[in-house]
Amino acid sequence: MSAMKIKQLVYISKATAPFTSASLKDLTDLANANNAKLNVTGCMAYSAGYFLQLLEGNAETVDSLYRKIAKDTRHKGTKLLLEATVDEDRRLFGKWFMSSFNVDTTVDFPQELKQSMTDIINDRTAIVPVHRLFMEFRKYLGK
Ligand SMILES: Cc1cc2nc3c(=O)[nH]c(=O)nc-3n(C[C@H](O)[C@H](O)[C@H](O)COP(=O)(O)O)c2cc1C
């Protein structure tokens, strides 16, 4: 018997106007409520006006949600960074339909990880690759 598979998708985008902690929270709350109906989980990281978001769930559901999100005028230049098919038990954000992580305001977030986020934003090779970066975000969310 084969295990259930899910799709993980990561994209990057640039906010068309800066987000505050409050507007980031509002967006996360809305995404959380919507994603609960879709059984999509994930995390939205924000840094220096850029979003790095991971979506995971049923492949068709994730693809159509991504197409919807990409049309949102609150950001632009959405670019896919990662698409993977993994076993359901490898879900990274099983506890959150949508979580958010503000890199700029998390004071104890290690410099190496901040730098990796900046490298990814600037299309450079990062010391910490994107999937591992989300594992680090998850650690901080659990705190
Ligand atoms: C960076 C970013 C991430 C988003 N993530 C999600 C998400 O995970 N789920 C979601 O439903 N909407 C997300 N949205 C919002 C959607 O683009 C859209 O505004 C929303 O789903 C519309 O909800 P409604 O159909 O209930 O009005 C995101 C928007 C932005 C700018």
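Since the model is a prediction, treat every value here as computed from it, not as a measurement.

Rules of the game
- Residues numbered from 1 in each chain as written.
- Predicted model: local features only at pLDDT ≥ 70, side-chain atom pairs only at ≥ 80, totals over all residues.
- Heavy atoms only, no water.
- Core = buried A, V, L, I, M, F, W, Y, C linked by side-chain atoms within 4.5 Å.
- Buried < 20%, exposed > 50% of the residue type's maximum accessible area, 1.4 Å probe, protein only.
- Helix = DSSP H or I, 4+ residues; strand = E, 2+ residues; numbered from the N terminus.
- Contact = heavy atoms within 4.5 Å.
- Expected span 1.5 Å × (residues − 1).
- Salt bridge = Lys/Arg side-chain N within 4 Å of Asp/Glu carboxyl O.

Engineer: So what exactly am I meant to see when it comes to the nonpolar core here?
Structural biologist: General note: in soluble globular proteins, nonpolar side chains tend to be found buried as a group. Grouped together as the largest cluster of nonpolar side chains are 24 residues, with contacts concentrated most on Leu52, Met117, Leu133, Phe134 and Phe137. Among the elements of the structure, strand 1 (5-15), strand 2 (41-47), strand 3 (50-57), helix 3 (111-121) and helix 4 (130-141) are those that each provide at least two residues to this core. Top element by residues in this core is helix 4. It accounts for five residues. Each residue touching Met117, except ones within four places of it in the same chain, is listed here: Ala45, Tyr46, Ser47, Tyr50, Leu52, Val103, Leu133 and Phe137. Counting 17 residues, the second-largest nonpolar core is a separate cluster that includes Tyr11, Phe19, Phe51 and Leu65.

Engineer: Hey, could you run me through helix 1 (residues 21-38) in this one?
Structural biologist: Residues separated by three or four positions in an α-helix point in the same direction, a consequence of the helix having 3.6 residues per turn. Over its 18 residues, helix 1 extends 25 Å from the first C-alpha to the last, a length consistent with the 26 Å expected when each residue adds 1.5 Å. The secondary structure elements touched by the buried residues of helix 1 are strand 2, strand 3, helix 2 (59-70) and strand 5 (99-102).

Engineer: When you look at the pattern of salt bridges in this model, what are you seeing that I'm missing?
Structural biologist: Pairing between side chains of opposite charge can happen when the charged atoms of each approach one another. The tally for this structure, following the rule as stated, stands at 10 salt bridges. In this structure, Lys7 and Asp63 form a salt bridge, with 2.6 Å as the shortest nitrogen-oxygen distance. Of this pair, Lys7 sits in strand 1 while Asp63 sits in helix 2, and the two are 56 residues apart along the sequence. Using a relative accessible area of 9% as the deciding quantity, one classes Lys7 as buried. Asp29 is the partner of Lys25 in a salt bridge, and the nearest nitrogen-oxygen pair spans 2.8 Å. Of this pair, Lys25 and Asp29 are both found in helix 1, four residues apart, which corresponds to roughly one turn of the helix. Three or more residues joined by partner-sharing salt bridges are found here, namely Lys7, Asp63 and Glu83.

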